[in-house]
Amino acid sequence: MGRLWLHRYVRFVAVAAAILITAGGAVTSTGSGLSVPDWPNTYGYSMITFPPSMMVGGIFYEHGHRLIATTVGLLTIGLAVWLARAEPREWVRRLGWLALGAVVLQGLLGGITVLYFLPAPVSIGHAGLAHLFFTLIVCLGVLTSPGWRRSYGRSEPPEDRTLLRLALLAPAAVYAQILLGAVMRHTGAGLAIPDFPLAFGHLVPPSWSAAIGIHFAHRVGAAVVTVIVFAAASRALAHHWARTELTRPAMLLVGLLLLQIGLGAWTVLSGKHVTVNTAHVTAGSLVLATAAVLALRAHRSRFPDAAEASGRAGTGAEVLP
Amino acid sequence: MQHRTLWAFASILVLAAAAACGGGSDAPAEAPAEPAAPAFDPATAGNVTGSIMFEGEAPAAEMIRMNSDPVCVKEATDTETDYYVVGDGGGLGNVFVYVKSGLEGSFPPASDTLILDQKGCRYTPHVFGIQVGQTLQIVNSDPTLHNIHATPANNPEFNAGQPIQGMTLDRTFDNVEIMVPFKCDVHGWMNAYVGVLDHPFFAVSGSDGAFDISGLPPGTYEIEAWHEELGTQTQSVTVAEGGTADVSFTFSVG
Ligand code: HEM
Ligand code: HEM
């Protein structure tokens, strides 16, 4: 019972984190990052006492983002403490502290980027850590789920090494692609190639600059990610069609990836429309988290709690206590 | 438990580092140097006058939507973009004209304070010039918040909040720079430019395109005209003793 509530709480934190990613994405998309020049205060007010009536223009996004971030920070403290008290697996408790460390570091990066006028490396770090944080929370959701504890009703370890490899490769590739996106976004290269799917009317840009290079890399990266994700998903669907814990995230992953590519193209073609651009950031996080869920579940039998869980699954007679 | 202490320790370290490095950009304004005597006989001074013309059809001014701040909607008197200020006779306003090279000796900073006003959620003036070391007073005349964010390349960047009506902030610039942009990140439509020079020989064209740079020592100069959208043009001009040299620039789109 208590474990179920813990799992529900993790889901709740994950939703809050997704909202926070969207709010952060909106800050960058609207260019409001410096509309509040000070940190940790807001125009000299403490963050809590800053009057809502003054949340005008860009401040709506920047101060709103800080408020949501603080809420998520508090929720993450709650998560780490709850895990510390109720979670028997030590490594899962550690992941709770890791999430808390990530959110603290993330807040500091956010403050530092404001004080130093959004230097690209700090803003890229802030963006990159944000997606990792969200994915970590989602992973905690998987690890605390009833399905995970039952080992999804399976006892024998899967022998499909191809699936194991592809399932690991997918989130790694997606994350590299996200980092490329963040570099592009914070070096102002988002419209360095103004057309899509071609580049200046060619398959390969006819002339190069750093901005065009990074932008083109993100497009090539999208193609590479697509190949890897399709390989992983089709492996799961074709060879493990009965394992719904794999086929469901696999199908979702393909759907989200197609959506994400559409949003990326639309971002370019719309000249970085704020809503489309922000949706591309959020969907990027969802793609990463879904790939991570698939990877975790595919590797279920390799986790330290696998033997114990498959015992509880009630199939293996030779399972150790 | 060990991990908890480790995290706490690491966080404190990072916090301390952030605090130690933070806010280092607020260098106090230097006191202006004693005005020195001009390096030439003022009686021989001449002028450069002329006009900036715009050729062709200027892009029409656009309406600025200020809905994101109700105070701006209420206070605004001017809600059109001012990238292209073209007068009836085809003169182009808001062009910064200055002596780029040819001057000798040094010139003391002007002792008067210039004002950049934030009023009706716009900057006045939109384009202006200042001397190195001369005080710029930035005023918030609006009953809403502004952040004044300068994004120079050769001078220190700064970003300061002015949440309360009537707040002022004094700044000086240490290095010559054409041009230092200002923006307000609260109200994304607000922008202004200042040209920072180590001499007083500059002007901004009026809406009729006319400008006048006076008090110049006789000599041959390179004059540059800068427009925020149309870039720069230069011309060489010779100013005779007590004379007026005429120079005109013509800008066009494309
Ligand atoms: C603690 C959890 C936080 C998370 C998960 C988070 C997440 C994000 C995300 C996803 C973005 C968009 C990045 C992009 O689109 O490239 C962003 C931008 C931003 N965040 Fe945060 N943020 C957090 C905390 C903070 C805090 C406490 C501040 C305090 C000032 C802050 C300040 C900013 C700023 C200024 C930007 C815009 C950066 C830019 O445009 O270069 N963030 N944040
Ligand atoms: C595998 C699929 C893709 C993923 C996972 C992905 C992910 C991302 C992410 C997460 C960001 C923002 C990074 C940040 O938070 O700062 C980003 C930025 C961007 N992406 Fe993608 N992307 C993908 C495909 C594409 C495609 C096909 C295009 C089309 C050209 C595209 C165009 C862009 C652009 C233009 C930006 C920068 C927007 C800006 O400058 O504000 N993306 N991408």
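A brief structural summary.

Remarks on the coordination of the iron atom of ligand 1
All names here are of chain A. Those protein atoms acting as donors to the iron atom of ligand 1 are His-65 (NE2) and His-126 (NE2), and they sit at 2.0 Å. Considering all six donor atoms around the iron atom of ligand 1, angles at the metal cover 86 to 180 degrees and the coordination shape is octahedral. Of this pair, His-65 sits in helix H2 (residues 57–86) while His-126 sits in helix H4 (residues 120–143), and the two are 61 residues apart along the sequence. Note on His-65: relative accessible area 14%, which makes it buried. Residue classification places His-126 among the buried residues on the basis of a relative accessible area of 18%.

Overview of the packing of helix H7 (residues 210–239) of chain A against helix H8 (residues 244–269) of chain A
Residue and element names in this part refer to chain A. Interhelical geometry of H7 versus H8 gives an angle of 160 degrees and a closest axis separation of 9 Å. In terms of orientation, H7 and H8 fall into the roughly antiparallel class. Remark: the crossing between H7 and H8 carries left-handed chirality. Residue-level inspection shows His-215, Arg-219, Val-225, Thr-226, Val-229, Phe-230, Ala-233, Ala-236 and Leu-237 of H7 in contact with H8, the latter providing Leu-246, Thr-247, Ala-250, Met-251, Leu-253, Val-254, Leu-257, Leu-258, Ile-261 and Val-268. Across the contact of H7 with H8, the residue classes tally to 15 nonpolar, three polar and one charged.

Quick look at the pattern of salt bridges
A pair can form between side chains of opposite charge whenever their charged atoms are brought close. All names here are of chain A. Here the structure, examined in full by the defined rule, presents twelve salt bridges over all chains. Its salt-bridge partner being Arg-66, residue Glu-62 comes within 2.8 Å of it at the nearest N-O pair. With Glu-62 and Arg-66 both in helix H2 and four residues apart, the pair spans about one turn of that helix. Across the pair, exposure class does not vary: Glu-62 and Arg-66 are buried alike. For Arg-235, the salt bridge goes to Asp-160, with nearest N and O atoms at 3.1 Å. Taken as a pair, Arg-235 in helix H7 and Asp-160 in the loop between helix H5 (146–149) and helix H6 (161–186) lie far apart in primary sequence, 75 residues in all. Looking at Arg-235, the relative accessible area reads 22%, which means it is partly exposed. Among the residues examined, Asp-160 registers a relative accessible area of 11% and is labelled buried.

Points about the coordination of the iron atom of ligand 2
All names here are of chain A. Every protein donor of the iron atom of ligand 2 is accounted for by His-218 (NE2) and His-280 (NE2), and the metal-donor separations fall at 2.0 Å. What the six donor atoms of the iron atom of ligand 2 show is an angle range of 87 to 180 degrees at the metal, which sorts the shape as octahedral. In this pair, His-218 sits in helix H7 while His-280 sits in helix H9 (residues 274–298), placing the two residues 62 residues apart along the sequence. The buried category is assigned to His-218, whose relative accessible area is 15%.

About the thresholds
Residues numbered from 1 in each chain as written. Chains lettered and ligands numbered in written order. Predicted model: local features only at pLDDT ≥ 70, side-chain atom pairs only at ≥ 80, totals over all residues. Heavy atoms only, no water. Donors = N, O, S within 2.8 Å, 3.2 Å for Na, K, Ca; no water. Tetrahedral: all angles 85-135°; square planar, octahedral: opposite > 155°, others 65-115°. Helix = DSSP H or I, 4+ residues; strand = E, 2+ residues; numbered from the N terminus. Buried < 20%, exposed > 50% of the residue type's maximum accessible area, 1.4 Å probe, protein only. Axes fitted to C-alpha atoms, helices over the stretch in contact; angles between N-to-C directions. Parallel < 35°, antiparallel > 145°, perpendicular 65-115°, else oblique. Left-handed = near helix turned anticlockwise from the far one by under 90°. Contact = heavy atoms within 4.5 Å. Nonpolar A, V, L, I, M, F, W, Y, C, P; charged D, E, K, R; others polar. Salt bridge = Lys/Arg side-chain N within 4 Å of Asp/Glu carboxyl O.

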